[in-house]
Amino acid sequence: MSTNDTIAAIATPPGSGGVGIVRISGPRAKQTLARMFLPMSPKFENFRPWFLHRGRVVDWNGENLDDVLAVFMPGPRSFTGEDVAEIHCHGGPFIVQSVLEAALRLGARQAQQGEFSRRAFINGRMDLSQAEAVAELIAAPSREALRYGLNRLDGLLARRTETLRRELEDLRMQVCVAVDFPEDEVEGMDAPSFSTAVAKVDAALRHLLQCSRRARVMQQGAVVVLAGAVNAGKSSLMNALLGRNRALVTDIPGTTRDFLEETCDLGGLPVRLTDTAGLRKAAESIEEMGVERSRQKLAEADAIVLVLDGGALGEAGAAAETCPDPAAREVLELAGDTPILIVWNKCDLCMPAVFPPRWTQGQTCCTTSAFSDTQVEDMAESLRALLLTGSGGAAAEEGLAPNARQSMALEAALAELAALREDVDAGRSYDCCAVRLDVAAAHLAEVTGLSSPAEVLDRVFSQFCIGK
């Protein structure tokens, strides 16, 4: 993939539209544009940078294709860092394809997937985390995903990881000084101070990894499972969150025999709600199968809404030291590290004086009445906040949400620091410490692409669309 080629591609989505854009980038971008473009203005002499010129675009035989606007953006202050030209034509598929074909016949090469962004990365216009943010902005399914993608595009994650990488480099330099000049009076770092500095970077990396869960939730949506005893009001609560009657609701315990899934927008956050069969000792085989599926869904959840029947538990159930609801106890045991929102439903029947219940042990709690829609909006906001912060409690306002690739690099750096602490505790030599610090710093450099091998870059940019 030569960067000396001039490349071209359609930059707008497939299909018909009001406008279609053909993008050209490389050393012959201006020359290719000049051969395709006939200006309307008799005063036109040359392409004024960053200025839209109206004219006609012609094919390689000089035949008219369309009435267009054309712009030339000289490097290095363009998206790719190279000379870039764009032709804005009408968005019919045949027109746009014909304009692209003309550019290709005049010497440009068809761009590969993500090649424009890859050239921007190679030419220093953005680091790898920012290039990934471009693709994530295009695919953003929610306002939250858009906000965090913009933060990464602005370089917030890159700056944070680069600061940590430099701290590791500084530590490595001090270790090397101790190795190279062991008998000289060179100011070094004692073991406690060294351990404190490593622990500081370790804590910062763990915090970033806590934030990574938000990236997956915002890009892919969250799976939320409503669980609890039969007749606690799970289906009614699902209907209230959806704003329509999707799940069947009756007074007969065990109405829901199988799980039911529906998507909804939770304040700009895509969520897949799963209503499950109530947990109890099943009376017959069909219900038993539904209960078993409920347990399976709990293991797949990003968050669990544990619905309590407040009317049945009453004041005594809220004041108890241990959970009196067998189904709720089972959910709490199966949840593990999955975040839980405990909902005291049917608060119109019993609003306990002791709330949250004593046995919730710090879990997030709220009250609702799904039947009368009381405080359902407050419950939805509590659920949204729980999904964004997770069980780790990472502050959503920081705007950091590493993606899967970036998280793998952070985890590798964290593992190297853990091994470094073991080396220090075992009294191993400074040389071992320097190697560990060097490897950890290299993993952090992978976040921004500073030390990423070619196959990693190929994998990242192959996920982009051709016109980006």
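Above this note sits the structure.
What you see is a predicted model; the values in this text were computed from it and never measured.

(A) Main features of the pattern of salt bridges. All chains considered together, the criterion is met by 22 salt bridges. Residue Glu86 pairs with Arg23 through a salt bridge whose shortest N-O separation is 3.0 Å. Of this pair, Glu86 sits in strand β6 (residues 84–90) while Arg23 is found in strand β2 (residues 19–25), placing the two residues 63 residues apart along the sequence. We classify Glu86 as buried; its relative accessible area is 11%.

(B) Summary view of the side chain of Ser407. Considering the arrangement of structural elements, one finds Ser407 in helix α13 (residues 404–425). Classification of Ser407 by relative accessible area gives buried; the value is 8%. Apart from residues no more than four positions distant in its own chain, Ser407 is found in contact with Leu209, Ser212 and Pro402.

(C) Fine view of helix α3 (residues 115–122). In terms of burial, α3 is largely enclosed, as 7 of its 8 residues are buried. Among all positions in α3, only Glu115, Phe116, Ser117, Arg118, Arg119, Ala120 and Phe121 are buried. Where α3 terminates, the next one or two residues include Gly124, which has phi positive at roughly 75°.

(D) Here's a closer look at helix α8 (residues 234–242). In terms of burial, α8 is a largely internal element, 7 of the 9 residues being buried. Buried within α8 we find Lys234, Ser235, Leu237, Met238, Asn239, Leu241 and Leu242. Looking at the packing, one finds that the buried side of α8 touches β8 (222–228), β9 (260–265), β10 (270–275), β11 (303–309), β12 (340–345) and α12 (376–389). Downstream of α8 by one or two residues, Gly243 has phi in the positive range, about 80°.

(E) Unusual backbone geometry, seen in detail. In this structure, the amide linkage connecting Gly75 to the following residue, Pro76, adopts the cis form with an omega of 5°. Relative to the helices and strands, Pro76 resides in the loop between β5 (64–73) and β6. In the Ramachandran plot, Asn231 falls in the positive-phi region, its phi being about 65° despite a non-glycine side chain. In this structure, Asn231 sits in the loop between β8 and α8. Judged by relative accessible area, Asn231 falls into the partly exposed class, the value being 35%. Positive phi outside glycine occurs at Lys346, with the angle close to 60°.

(F) The sheet that holds β10, seen in detail. In spatial order, the strands read β9-β10-β8-β11-β12-β13; together these 6 strands make up an open sheet with mixed pairing. Both outer strands of the open sheet, β9 and β13 (364–367), are each paired with one neighbouring strand and no more. Neighbour to neighbour, the strand axes of the sheet diverge by 25° on average, direction disregarded. As defined by bridge partners, β8 adjoins β11 across 5 bridges and the pair is classed as parallel. The partner of Val225 across the bridge, within β11, is Ile304.

Conventions adopted
- Residues numbered from 1 in each chain as written.
- Predicted model: local features only at pLDDT ≥ 70, side-chain atom pairs only at ≥ 80, totals over all residues.
- Heavy atoms only, no water.
- Salt bridge = Lys/Arg side-chain N within 4 Å of Asp/Glu carboxyl O.
- Helix = DSSP H or I, 4+ residues; strand = E, 2+ residues; numbered from the N terminus.
- Buried < 20%, exposed > 50% of the residue type's maximum accessible area, 1.4 Å probe, protein only.
- Contact = heavy atoms within 4.5 Å.
- Pairing = 2+ DSSP bridges.
- Axes fitted to C-alpha atoms, helices over the stretch in contact; angles between N-to-C directions.

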